[in-house]
Structure formats: structure tokens, C-alpha cells
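# Fold and contact review
Single-letter residue listing:
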Amino acid sequence: MNDRSLSIQRFDRLFKTLPVVPLYGDMHINVYLCPRDQRFTSYELDPGKWTCVNKDVVKVSTTQFNIVNKLQIMRQEYERITAELMNINGSYKNQYSISEGEGVTQNTSAPQFMEVFELAKRGIQFLCECSATLMELYVWKLSNPRDKRELEVQLKNNLMNEEAEGPIEEKDFDIAHYERATKYNYTPEEKSAFVEVISIIKSTAALMKRMEVVFSEGIARCVHLEVQDFVQRRLRDLLRFSVKKKKQIIRTVVTAIRETCADWINNKEDPNDPAIKGEKDPKTGHKVRIKNRACGLSSTQLYMVRTMVESLISNKAASKKTMKKEMDTQHYTELDR
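Since the structure is predicted, the reported quantities are computational estimates derived from the model, not experimental observations.

### Section: the overall build of the protein chain
Broken down by element type, the protein chain carries 15 helices and four strands. A total of 337 residues make up the protein chain; the buried ones form 36% of that total. For the protein chain, the share of sequence-separated contacts (at least 6 apart) that also reach a separation of at least 24 residues comes to 74%. With an accessible surface of roughly 21200 Å², the protein chain has 52% of that area assigned to carbon and sulfur atoms.

Next comes the structure, spelled out in C-alpha cells:
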């Protein structure tokens, strides 16, 4: 591995922040030991720069696995999401009062179902964050089991304090490695926090499950609005540019995108749209109305639209001159975002 151009300090700091990475189940990888691999030539040249290989330094510097410190933030986020979920659920009918026949004009503010989409995304991200926190702590404990001698002394003191009947035998301290990594490797505070985070995950997931109908419709409407906004509104400038500058290939691709997935308000494209003729919009503006539907693109439509958009911004082409070079910067930025 040629790592002469890498920033050693950057990766060293990253490996110390997250030294153990979960893979699958109880499988994990100790990334902080990767610099010791013989393929890391920079470690052989200057091992002092890789401070992450020192396990004691890693234990002191890492805060990623401190679930007790994260618990208060999780509680606050859980309370906020729960309150918003209940609020959305209670006012669902009012939020979707627009009938199927009405259109959303260009000057209209974003409908309330956009908030449902954002709330669903936040809820899923919160669940993933909580699950990742538990998994990271679990694999950290597996990677750093309890010291055997220290644990034997503790268990011996516990047996003596409990006034065990009969003599204490050596088999009482025969502890498997897995037990030292799991059963005896958590503090009471960590156990309590672990259980609380699990309860937060279950209650949040159960509440979102009950609101599945709300989320399904909100997400579908949001997807439809975003796609139609891109196709019917944001592509108009590029279409106008291609017609005015006589860029026939760009015009053909943009027209194909619009014909593939546009959901016109009157089931057909507006023939009076100035962009089709390469003309500027009037001073009063050209209003584009979008149907309010709870549907998205099919897999075939999505594949074709993505392929055509990628062809517009691609740096590779059969000829030396690509379509990307023929477009203005504003058009390329709009497609690439």
C-alpha cells in the first residue's frame, strides 16, 4: 500500500476516535492495529507518528463508546421526536386537505407532507444512531475483555463478603473469555444505560410502526413533488438554453427526461411554455402547476431518468466534446446537486 501521500495525523486521530468497527453480528475489526500491517510503509519509516497502535492511548482518548455520556442527548431527542410524532398523527387529516384534482402552484409554500417526510427521516436516523451506539459499545467490550486477575480478585472478595459455605475452590474462578468480555465487563451505569437505550429504540419503532400509513402517504407525496419539481420546473432553464443555442443533443435528452416521468396537470405538456421555444418568461412569470399525488417513479422510470441525467453531466463521451462542456455552470450545478 503506497501511503506516502496520506495525512498520517488525520488517520491516526480517526483510528483513535473509532478504534473498533462493527462488521456483522459479534464480528468486528480493530482498525487501530491496521498501521502495524506490513503494507503500511509509513509505520515502518516513522512508527512514532502512529499513536493509535498504543492500546492505553486509545482507551484514554476514545469517547465514542461512552454510552452514559450520550444517554442524556438520546433522551432529549427521544422526547422531541415522540412529541412531533404525536402532533403529526393528531393533525394528519388537516395536513392532507388538498384534493387530488388541485395543483400546487410555483408560489405556494411547501405542503405539510414535507414535514412528515423529514420527521420520518429523522426518526429512522435516530433509530440507526441508537442501534449503532449499542453495537459500538458491544464490540468495544468484546475487543477489551476484563482483566482475568483483577476479576478473580473481585469475585473472591464477593464470595468472602457473602460468607460462602465451605472452602473457596479454584473452579469458582474458572471464567471463560467470553464472560470476561460480556457478563463481567459492564459497569452498573452502563448496564442501566444499555437497557434504557433498548427501551427507547423499541418505543420509538413501535410509534413509527403505528404511523406507517401517515409516513407512507407523506413520503410518496414528497417524492412525487420533488421529482415533478425537477422535471417540470428546474429543467426548464436547461431546455430553454438548448433550444436557444441550438444544442440538439442536450435538447433531445432533456425532452426525453420530461416525457419519461412528467405528470402534467392537464395530462399533456403546456404548448404555451416559453421554454419550449427558447424564449424568456414574461414579467409576470410562468406558473407551473404540479398535481398532488401520492405516488413515485417506477423502478424503470427511475433507472432511465438517472441514466439520462448522468449522461448530461458525465466527463466521458464518444467524442472529445461532452454535453457537460456545452452547458453553463448554473445548469451543470442544478443537475449535479
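Moving on from the model shown.
### Here's the deal with a nonpolar patch on the surface
On the surface, Leu23, Tyr24, Met27 and Ile29 cluster together to form a nonpolar patch covering roughly 460 Å² of accessible area. Of all the secondary structure elements, the ones that give two or more residues to the nonpolar patch are strand 1 (20-24) and strand 2 (27-30). For Tyr24, the location among the structural elements is in strand 1. Residue Tyr24 is classed as exposed on the basis of its relative accessible area, which comes to 67%.

### What to know about unusual backbone geometry
Positive phi is not limited to glycine here, since Lys246 has a value of about 60°. Relative to the assigned elements, Lys246 resides in the loop between helix 11 (236-244) and helix 12 (248-261). Looking at Lys246, the relative accessible area reads 72%, which means it is exposed. In the Ramachandran plot, Asn267 falls in the positive-phi region, its phi being about 65° despite a non-glycine side chain. Summarising the element assignment, Asn267 is placed in the loop between helix 12 and strand 4 (290-291).

### Re the packing of helix 11 against helix 12
Contact geometry of helix 11 with helix 12 gives a least axis separation of 9 Å together with a crossing angle of 145°. Between helix 11 and helix 12 the crossing geometry is left-handed. Judged by residue contacts, Arg236, Leu238, Leu239, Ser242 and Val243 of helix 11 engage Ile250, Arg251, Val254, Thr255 and Arg258 from helix 12.

### A short note on the packing of aromatic side chains
The geometry of two aromatic rings is summed up by the distance between their centres and the angle between their planes. Taken as a whole and assessed by the stated rule, the structure comprises one aromatic pair. With a centroid separation of 6.1 Å and an interplanar angle of 80°, the aromatic rings of Tyr186 and Phe194 are classed as edge-to-face. Across this residue pair, the class does not change: Tyr186 and Phe194 are buried. Note that Lys141 overlies the ring of Tyr186, its terminal NZ or CZ placed 5.5 Å from the centroid.

### So, the pairing of strand 1
Bridge analysis of strand 1 against strand 2 gives four bridges, and the strand direction is antiparallel. In the strand pairing of strand 2, Val20 is matched with Asn30. Between strand 1 and the antiparallel strand that follows it, strand 2, lie two residues; Gly25 among them carries a positive phi value of about 65°.

### With respect to helix 13 (residues 299-313)
Taking 1.5 Å of rise per residue, the 15 residues of helix 13 would be expected to cover 21 Å, and the 21 Å separating its terminal C-alpha atoms lies within 8% of that figure. Looking only at helix 13, the buried set comprises Val305, Met308, Val309, Leu312 and Ile313. All buried residues of helix 13 fall inside an arc of 135° around its axis, so they share one side. Of the exposed residues in helix 13, the ones pointing more than 90 degrees away from its buried face are Ser299, Tyr303 and Arg306. Buried residues in helix 13 make contact with helix 10 (212-234), helix 11, helix 12, helix 14 (323-326) and helix 15 (329-336).

### As for the pattern of salt bridges
A full pass over the atoms with the stated rule returns 18 salt bridges. Arg293 is paired through a salt bridge with Asp263; the nearest N and O atoms lie 2.6 Å apart. Of this pair, Arg293 sits in the loop between strand 4 and helix 13 while Asp263 is found in the loop between helix 12 and strand 4, placing the two residues 30 residues apart along the sequence. Residue classification places Arg293 among the partly exposed positions, given a relative accessible area of 29%. Through salt bridges with shared partners, a single ionic network connects Arg236, Asp237, Arg240, Asp273 and Asp281.

### Notes on the packing of helix 10 against helix 12
Between two packed helices, what matters for the description is the angle formed by their axes and the separation of those axes. Contact geometry for helix 10 and helix 12: axes closest at 9 Å, N-to-C directions at 140°. With respect to helix 12, the element helix 10 is oriented oblique. Crossing angle aside, the handedness with which helix 10 passes helix 12 is left-handed. In this structure, helix 10 contributes Val227, Gln228, Val231 and Gln232 to the contact, and helix 12 contributes Ile257, Arg258 and Cys261. Looking at side-chain class alone, the contact of helix 10 with helix 12 contains four nonpolar, two polar and one charged residues.

### Looking at the side chain of Asp273
Here Asp273 is to be found in the loop between helix 12 and strand 4. By relative accessible area, which is 4% here, Asp273 ends up buried. A distance of 2.7 Å separates polar atoms of two side chains, one belonging to Asp273 and the other to Arg236. Excluding its chain neighbours within four sequence positions, the residues that come into contact with Asp273 are Arg236, Arg258 and His286.

So, how was this worked out
Residues numbered from 1 in each chain as written. Predicted model: local features only at pLDDT ≥ 70, side-chain atom pairs only at ≥ 80, totals over all residues. Heavy atoms only, no water. Helix = DSSP H or I, 4+ residues; strand = E, 2+ residues; numbered from the N terminus. Buried < 20%, exposed > 50% of the residue type's maximum accessible area, 1.4 Å probe, protein only. Contact = heavy atoms within 4.5 Å. Areas by Shrake-Rupley, 256 points an atom, 1.4 Å probe, with all protein chains shown as cover. Patch = residues over 30% accessible without salt bridge, like charges linked within 9 Å, V, L, I, M, F, W, Y side chains within 5 Å. Salt bridge = Lys/Arg side-chain N within 4 Å of Asp/Glu carboxyl O. Axes fitted to C-alpha atoms, helices over the stretch in contact; angles between N-to-C directions. Left-handed = near helix turned anticlockwise from the far one by under 90°. Phe/Tyr/Trp six-rings, centres within 6.5 Å; stacked < 30°, edge-to-face > 60°. Lys NZ or Arg CZ within 6 Å of the ring centre and 35° of its normal. Pairing = 2+ DSSP bridges. Expected span 1.5 Å × (residues − 1). Arc of directions from axis to C-beta. Parallel < 35°, antiparallel > 145°, perpendicular 65-115°, else oblique. Nonpolar A, V, L, I, M, F, W, Y, C, P; charged D, E, K, R; others polar. Polar contact = N/O pair within 3.5 Å; in protein donor to acceptor, adjacent residues only side chain to side chain.

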